[in-house]
Every structure is written in structure tokens, then in C-alpha cells.
Amino acid sequence: MSKILEIFNTMEYGPAPEAPDAVKAWLDEHGRKFGLFINNEWVMPKGAKFYSSINPSNGELLAETTQAGQKEVDAAVAAAREAFGTWSKTPGVTRARYLYAIARNLQKHSRLLAVLESMDNGKPIRESRDIDVPLLARHFYYYAGWAQLMETELRDYQSVGVVGQIIPWNFPLLMLAWKIAPAIAMGNTVVLKPASYTRLTALLFAEIVAEAGLPAGVVNVITGSSSAGSMIVEHPDVDKIAFTGSTDVGRTLRKQTAGSGKKLSLELGGKSPFVVFDDADLDGAVEGVVDAIWFNQGQVCCAGSRLIVQENIAAKFIQKLKNRMQHMRVGDPLDKSIDMGAIVDQSQWDTIDGWVKTGIAEGGECFQPNIALPEKGLFYKPTLITGLDAAASTVQEEIFGPVLVSLTFRTPSEAIELANNTRYGLAASVWSDNINLALDVASKIKAGSVWVNCTNQFDGASGFGGYRESGYGREGGREGLFEYLRPTWMDRPRPEFSVNEKWGGHVPTLPSQPTTARANGHSLPPIDRTPKMYIGGKQVRPDGAYTSSVLSAKGKLVGQVGDGNRKDIRDAVEAAHKARTSGWAMRHGYNRSQILYFIAENLDARNAEFVKRIVEMTGRTQKSAQAEVDASVERLFTYAAWADKYGGTVQETTLRGITVAVNEPMGVVGIACPDENPLLGFISLMAPAIARGNSVVIIPSQKYPLSAMDFYQVLDTSDVPGGVVNIVTGDRDHLVKTLVQHEDVDSVWYFGSAEGSYHVENESAANMKRTWTGYGLPRNWMSREQGEGHEFLHEATQVKNIWVPTGE
Ligand code: NAP
């Protein structure tokens, strides 16, 4: 009796260990030594080198795993390539059966997977059993559905090819599911490399998939170090790289794949805000914090690691949080009643500890609860650091451990400012009982997932991914499919170019030598039109006061344009930002569509003038120029139509509540136009961007820029607010170089040369901006299939998923 009373008083739990026997038996069955899984077979390379997989909670050696080298990477890619031939042609309904079989089989082996995951990674069995593994199966069910529907719902798309997938150690099974399920559903084949610290569950998964009957070569798992990852990235026969990991490695991969024509999606790091307003349910929010930062020992990309609390409740909230921390249990991951398990590796433990020391050195006050840790193993106490400045490195950098920093705010706008004061943009959590306030803040935080009065919600039906330096591309949901699809008309680009390190340099243009004299001595010279740029809704002279001449196909002078420089681009970016923040993105779609219709109307009214200009510049026939102008008017109608029809969807997730995917604008989009179709190319790129609420800095065709310069008069008369469209003429590569290097440009679209595409992608790595390049390949702008539609809208937007639970 007294014992029961004692338990009630202390609320102490006894240990509830999960048995590791089945895992041990599986490891023993493999002799505790694993080869690589290629073509549904275990391959042990001759003279293989090994890596020791260790249980971080007790230091026990679990098994030896192979270090793949170039030969093995080649073999895995070859297996995937061969399998791609048949798998991509296998009907979607058949692929759906395979994915369904995989999901069933994963459920049958769910406990084995969960226990192994906890032993290999150190995460609590409560999490691996109740979150990681159920979500693993869920993703295969969800994407089995998309395989079933692909032929009817995604008719304009085809598989991409062989996909190299590289994942981190924090959610080994879940990351694998996010990547493999959509890839194979869409007919691709895969070479996956798990992180070194956590290789074992990917190997067990491979075996389970083969047992489910998946054809050989569709999924290959190779273990190895970062150099094996690099070999996958560089492999010429890999068509797409999907990477989840740190922003620094993401940057390296962007550079490595630049100009190659490989598709790339990057799910990177984060430093996500957890915002608590004074009217929030504070006890609920405290539990939210526990889940946000101490889930998986804080080794979570979207961990709510920056607590931002309203000042008037901050002291009370922090006290409640500290009280809660005193009751956290840290211990054996296989104990079903612990809150936090072990840190994955000693080096990670050291990094975390280093950050805590930095936080203290930066003036922070560190709180750790007075709780016992196991004597052995890599355990770390839940940690809270208060009193730091918003600019402190501990507040800005991803710690990737159980360390929470906290800041305070007074007003909602200050909360938003603090929340966005980061180079990342992966996730956010907002707590308030005022739904209007919470949703307003959710819409203003720049992040791919925002959880209102909840945190860390995931589901196959909802996309996940970053803004800014948290990467690009989405995993999960319908939006996640497009990472593994290519339009049917498009082959895998294989651009050929050589790299000139002086790319983007430019000597201002000298006076031209037209073959036909401008004045013949008998007639008056034409009245000169001073070449201008169009910035902030005004015609402005080029900063450098240099001018270039535009000659016709026969060498006759047809006009002049300003020769833009870095300063012109910077001014244009500033104007674009002003237009954006002054509300273009906030205007409703109806209003934007009216403006696009108005542009179309005014362009059509000057139809003949534009036709004449295209004929003059390009030497094309009247008929062909007329077709281009007509198509341009038509295209404006297309995006007037799309301006109020691409807002997003309600996702059918497992949350009791609402998950809305909002297609938000990218922000400021820099665009370099192609030379073919000087008017239509320009409009095909400008119109989708502004229809979806972006403001643009656009470099018209370098060879035939005059149509764009005539077009600004159309813009002037069409109610387009100043700064929404900014036009800078000049040397395309010189100007785009400044655009891609500019910190305040969110995305760059480039339709110049193959070499230019390489440089744009390579330079974009500096702040991980999203790019869309044409690799110097032809595109038929006149065709609706290639010149408009979903591909353009997709590039003009980024998906934010907002999760709102409902009910009392
Ligand atoms: P990491 O060091 O970037 O490694 C990730 C993966 O890339 C591992 O498989 C690693 O192999 C491999 N790799 C490392 N260098 C490489 C290179 N040069 N070329 C090719 N592959 C290379 O990241 P991590 O420490 O494992 O994971 C933590 C990071 O992942 C955090 O920043 C976290 O925020 C992020 N993350 C993001 C998401 C998301 O969805 N956005 C989800 C989870 C985690 P080795 O292990 O063999 O070195």
C-alpha cells in the first residue's frame, strides 16, 4: 500500500524494456556482417572494407557494414538502369500492387524494424514503434495510390530514370520512405545510401522489400561513407539526386550537379521557431515544446529549437517548462517509458556540448534538470538556454540536439520578425487560442510547414520541405511526386559545354557599325528614343550610361537599348522587393487576373506594332511574327485564368483537423529570357511569375530586346503596380550573374546557354536559391505543351503546409 502511495506521489515509472532478441537473431543470421544490396542480392565486394555499426546507448557492436567504392556504386547504378527499362514501362496499376505489398510486408515486420531502429540510432522505442515505422508503411500505402492513378492523373509526365538518394541518420527509415516510395511509384529505380551512423534498418528494409517480390534492381541499397555518396552524385548514369542532410553538404551537391541536367531536390537543415502568444493554452504549449525539441533527442531537422514567447507570460511559461523538464526521463532507448534516448554518436554529442558552452559564453543562462542519466552511453540532458541575443550564434545555428534557446517578443509583428530572422525556413509552430492571429502569423512565417497549436505533424498525404536555406523540393503529398517526374515531351538534358571562369564578365558595348547608314543626307534623321530600363514602374536611364544597338538580321539599326550593369540589377531587385512587401502577393487572385487580362487587352490593341517589331528584329515572316503576338496574348489569358486557380489544396492527412497546402509565391524571381520568340518567351516567363504573386526582375532576349522595351508601355497602361515587373536590358550572362549572387533574389530562371545554366546553378549554391534552367536546349515556346502550364506554375510557387487541429 505504501508502495502504491509512493508511486502516486513520485509518479516514478519502473523500467519497461523491449526485448532485443529478434534483432539479435537477425544480425546473427547475417553473421553480423553485411554486404551491399544490389539486384535483390547481397553482394560482398572482394577485399571489402568495413564500418562498425554501434548501438549508441551502450557502445555495443551491432554489426560490420561494407564501405562501397566506385566499382560497387557502378554496379548498383547499372542494376538500377537495367531495371528502369522494365519498371518504368510496368503499368502504374501493377506498380501500385508492389508498393501495396511492400507496405503490408513492412507492417508484418514492424516490431523488428522499430527495435532495430532504436538500437542503431538510439531513439526511444516509443517513437520508432509509434511514429517512424507506422509512417514508413503509410508512405508506401499513400504512394501505392499515386502509382495506381499515375496514368490518368499525371498523363503529361514520365519517370525521370535512375535516382540516387542520400539520407541522414536522424530518421533512417522515415527518410528512406519519403524518398523511395514516390520514386518507385512514379516508375523510377533507386540507389540509396543511408548515413554511416545508421545503416542497418535500410539493409533490413531492402530484405523486406525483396521478400515482398519487388523486381530486382528497382531498389538497391549501398552502404558507404560520404565518398560513396559523392560517387552516386557524380555518376553520369544517375538522372536525379534526392538528398536530405545538412545545408553545407547540400551546397556541395548543388555545385557538383550544376549544369549536368540532373534533377536535384534538397531537404536541408533548420532552426525552426516555436511561437507562444499570451492567450495560448500554456500547459498545452509546454507539452508542445517537449515534443518540438526533445523528440528524437532534438536531432530533428524541423525541431522547434527557437522558443519565442510573448514577454508578459515569458517568466511563467519558462517556469512551467523547467518544471516539466524535471520530469523528463532519459535512458535506454528500448525502455518503453523513457522520453529521450541516446545521441547517435560521440562526435554529435561533442558538437552539442560545444554549442551549449558557446551559448553560455554568449551570455546565455543554461538550465538542465536535475535528473539522472545512465552511467554508460551517449546521453544528454534536455537543455534550455535563456537570455540570449537574437543574433547569438547559438540562436542562429542548427545545434541538432536537445538544446532549446528562448527569446521574447511584445507584438505579433515582432514575433514574425524574430521567427523569420534566420537563413532557414523549414518549419514553425504557432500557439494561440486566437485562430485569426495564429493563421495570420502562420501565413507570414517563411517556412514549408507551419503547425498551429501542434508540432511535428507528418503524414504521407502532406508535403514537407524548406524555404530559403532549408532547401527545395517537397517530399510527401501530391507535390512530392514532381521531384520524380519529367514532362513527357522532355528528354533528360545532357548539356555539353566547357567552363569559362570569366563567365559573366562584360565590356560595355561600343557604338555599332551598321551596314546601312542611319541618315542618307537627303532625309531628316529619325528622332532618337533614349534607351531606358524599366525599374519600379518608371523608365530609368542605365546606371552606366552605356548603350547597345539592336541590329536587324540584315545589319540595319532597328533601335537601341541600355546596357545594364550590377547597379541596375540591384535597383531592380530593390524595387521588386518593395512591390512585394507593399502587397502584390497579398492581392487576391481575382485582382491579379484582372490585371493580366488588362495587359492582354492592351497588347492586343498594339498588335500590329509588335508584329512589325518582331519582323524588323528577327527577319522572320509577317505570318510567323503575327502568330507569336497572337500566342502572347493567348498566354496572358492563360495566366489570367491561373491567377485565381492555383492557391492550394486541403490535404487529406491523418490529423483530426485541417491541413492546407498553400501555393505561396517564391518572392522575387530573377528571369533571363531566351532569344527565340523575343516577345512570347518574355511573356511566357513573366506572366506565370506575376500571376502567382511574385515580383520579377527580367532580362529580355539579349539579341532581340526591343519587344520587351515596347512592352513596358503596355505595362504602364495596364494598372501593374510599379516594381512588380522590372526590365533590365543588356548582356544576359553579365546581368544574371548579379541576380543569382543577390541575397534578396529568391529564385532564378535562366534560358540562355548550357554553360550559363551551369554557372547559374553553381552560383545559386551560395544561399541555396532555387533555380530553373533550360540547359541551352530548345523549347518550343509556341506550343502550349512546352510553353505554359503546370511546370511554370510549379516553378513560380513553393508549397507551405499549415496544420490546424480542430475540436476542443
Ligand atoms: P550530412 O552530414 O549532410 O549527411 C547526410 C548524408 O549525406 C549522409 O548519408 C552522409 O554520408 C552523406 N554525405 C555527407 N557528405 C557527402 C558528400 N560530400 N557527398 C555525398 N554524400 C555525402 O547530415 P547528417 O549529419 O547525416 O544529418 C543531419 C542534417 O540533416 C541536419 O542538418 C538536419 O537538419 C538535416 N535533415 C533535414 C531533413 C529535411 O527533411 N529537411 C530531415 C532530416 C535531417 P555519411 O553519413 O556516410 O557521412
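Owing to the predicted nature of the structure, the values given are computational and were not obtained by experimental measurement.

**Some thoughts on the overall build of the protein chain**
Then, number 1: When its secondary structure is counted, the protein chain shows 26 helices and 32 strands.
Then, number 2: Relative to the 2.2 N^0.38 estimate, which gives 28 Å for 808 residues, the radius of gyration of the protein chain is 28 Å and therefore close to what a compact globule would have.
Then, number 3: Projected onto the principal axes, the alpha-carbon positions of the protein chain cover approximately 115 × 65 × 45 Å.
Then, number 4: Residue burial in the protein chain is summarised as follows: out of 808 residues, 60% are buried.

**Some details on the site of the ligand**
Then, number 1: Neighbouring the ligand are 30 residues, the closest being Ile167, Ser196, Ser246, Leu268 and Glu398.
Then, number 2: Trp169 places a polar side-chain atom, nitrogen or oxygen, 3.0 Å from an oxygen atom of the ligand.
Then, number 3: For the ligand, whose accessible area on its own is 900 Å², the fraction buried by protein is 87%.
Then, number 4: Mapped onto the shell around the ligand, the elements with two or more residues apiece are helix H7 (172-185), helix H9 (226-234), strand E10 (240-244) and helix H10 (247-257).
Then, number 5: Top element by residues in the shell around the ligand is H9. It accounts for 3 residues.
Then, number 6: Partitioned by chemical class, the residues of the shell around the ligand number 16 nonpolar, 11 polar and 3 charged.

**What to know about the pattern of salt bridges**
Then, number 1: Inspection of every chain in the model, using the stated rule, returns 37 salt bridges.
Then, number 2: Here Lys645 ties to Asp644 by a salt bridge, and the two come within 2.7 Å at their closest N and O atoms.
Then, number 3: Of the residues examined, Lys645 reaches a relative accessible area of 52% and is grouped as exposed.
Then, number 4: Asp644 gets classed as partly exposed once you look at its relative accessible area, which sits at 39%.
Then, number 5: Between Glu795 and Arg770 there is a salt bridge, and its shortest N-O distance comes to 3.7 Å. Of this pair, Glu795 sits in helix H26 (residues 790-796) while Arg770 sits in strand E31 (residues 770-773), placing them 25 residues apart in sequence. Residues Glu795 and Arg770 agree in their burial class; the two are buried.
Then, number 6: Ionic contacts of the salt-bridge type, sharing partners, join the residues Arg81, Asp237, Asp239, Arg492 and Arg494 into one network.

**Here's the deal with the sheet that holds strand E25 (residues 648-651)**
Then, number 1: Within the open sheet, the 10 strands sit side by side as E14-E15-E16-E13-E12-E17-E18-E32-E26-E25. Their pairing is mixed. What marks the edges here is a single partner per strand, and that holds for strand E14 (365-367) and E25. For this sheet the average axis-to-axis angle between neighbouring strands, irrespective of direction, equals 20°.
Then, number 2: As paired strands, strand E15 (residues 383-386) and strand E16 (residues 403-409) are joined by 3 bridges and run parallel to one another.

**Section: the pairing of strand E30 (residues 747-750)**
Then, number 1: Every second residue of E30 is oriented toward a common face, with Ser747 and Trp749 on one face and Val748 and Tyr750 on the other, all of them buried.
Then, number 2: In this structure, strand E27 (residues 668-672) lies alongside E30, joined through 4 bridges in parallel fashion. Within E30, the residue paired with Gly670 across the bridge is Val748.
Then, number 3: For the segment spanning E30, helix H24 (residues 754-764) and E31, crossover handedness is right-handed.

**Concerning the packing of aromatic side chains**
How two aromatic rings sit relative to each other is set out by the distance from centre to centre and by the angle between their planes.
Then, number 1: Under the criterion given, the structure shown has 28 aromatic pairs.
Then, number 2: Where Phe171 meets Phe295, the ring centres are 5.6 Å apart and the plane angle is 45°; that geometry is what we call tilted. Highlighted residues: Phe171 in the loop between strand E7 (162-166) and H7 and Phe295 in the loop between helix H11 (282-294) and strand E13 (306-310), separated in sequence by 124 residues.
Then, number 3: Judged by relative accessible area, Phe171 falls into the buried class, the value being 4%.
Then, number 4: Assessed through its relative accessible area of 5%, Phe295 is described here as buried.
Then, number 5: Taken together, a centroid distance of 5.1 Å and an interplanar angle of 90° make the contact between Phe751 and Trp772 edge-to-face. Of this pair, Phe751 sits in the loop between E30 and H24 while Trp772 sits in strand E31, and the two are 21 residues apart along the sequence.

**Quick word on the environment of Ala314**
Then, number 1: Relative to the elements of secondary structure, Ala314 occurs in helix H12 (residues 311-325).
Then, number 2: On the basis of relative accessibility, which here comes to 10%, the residue Ala314 falls in the buried class.
Then, number 3: Along the sequence, Ala314 and Leu407 sit 93 residues apart, while their C-alpha atoms lie 8.8 Å from each other.
Then, number 4: Those residues in contact with Ala314 that lie beyond four places of it in its chain are Val309 and Thr408.

**Some thoughts on the sheet that holds strand E4 (residues 49-54)**
Working definition: the strands of a sheet are paired by backbone hydrogen bonds and lie parallel or antiparallel to each other.
Then, number 1: Pairing in this open sheet of 3 strands is mixed, and the strands run E1-E5-E4 from one edge to the other. Unpaired on one side and paired on the other, strand E1 (33-34) and E4 mark the two borders of the sheet.
Then, number 2: Most of the contacts of helix H8 (residues 200-211) go to strand E5 (residues 61-67), to which it runs at about 75°, and overall it touches E1, E4 and E5.

Here is what the cut-offs are and how they apply
- Residues numbered from 1 in each chain as written.
- Predicted model: local features only at pLDDT ≥ 70, side-chain atom pairs only at ≥ 80, totals over all residues.
- Heavy atoms only, no water.
- Helix = DSSP H or I, 4+ residues; strand = E, 2+ residues; numbered from the N terminus.
- Rg over C-alpha atoms; globule rule 2.2 N^0.38 Å.
- Buried < 20%, exposed > 50% of the residue type's maximum accessible area, 1.4 Å probe, protein only.
- Near = heavy atom within 4 Å.
- Polar contact = N/O pair within 3.5 Å; in protein donor to acceptor, adjacent residues only side chain to side chain.
- Areas by Shrake-Rupley, 256 points an atom, 1.4 Å probe, with all protein chains shown as cover.
- Nonpolar A, V, L, I, M, F, W, Y, C, P; charged D, E, K, R; others polar.
- Salt bridge = Lys/Arg side-chain N within 4 Å of Asp/Glu carboxyl O.
- Pairing = 2+ DSSP bridges.
- Axes fitted to C-alpha atoms, helices over the stretch in contact; angles between N-to-C directions.
- Right-handed = clockwise from strand over helix to strand, strands pointing away.
- Phe/Tyr/Trp six-rings, centres within 6.5 Å; stacked < 30°, edge-to-face > 60°.
- Contact = heavy atoms within 4.5 Å.

Function cannot be inferred from these measures alone, as they are strictly geometric.
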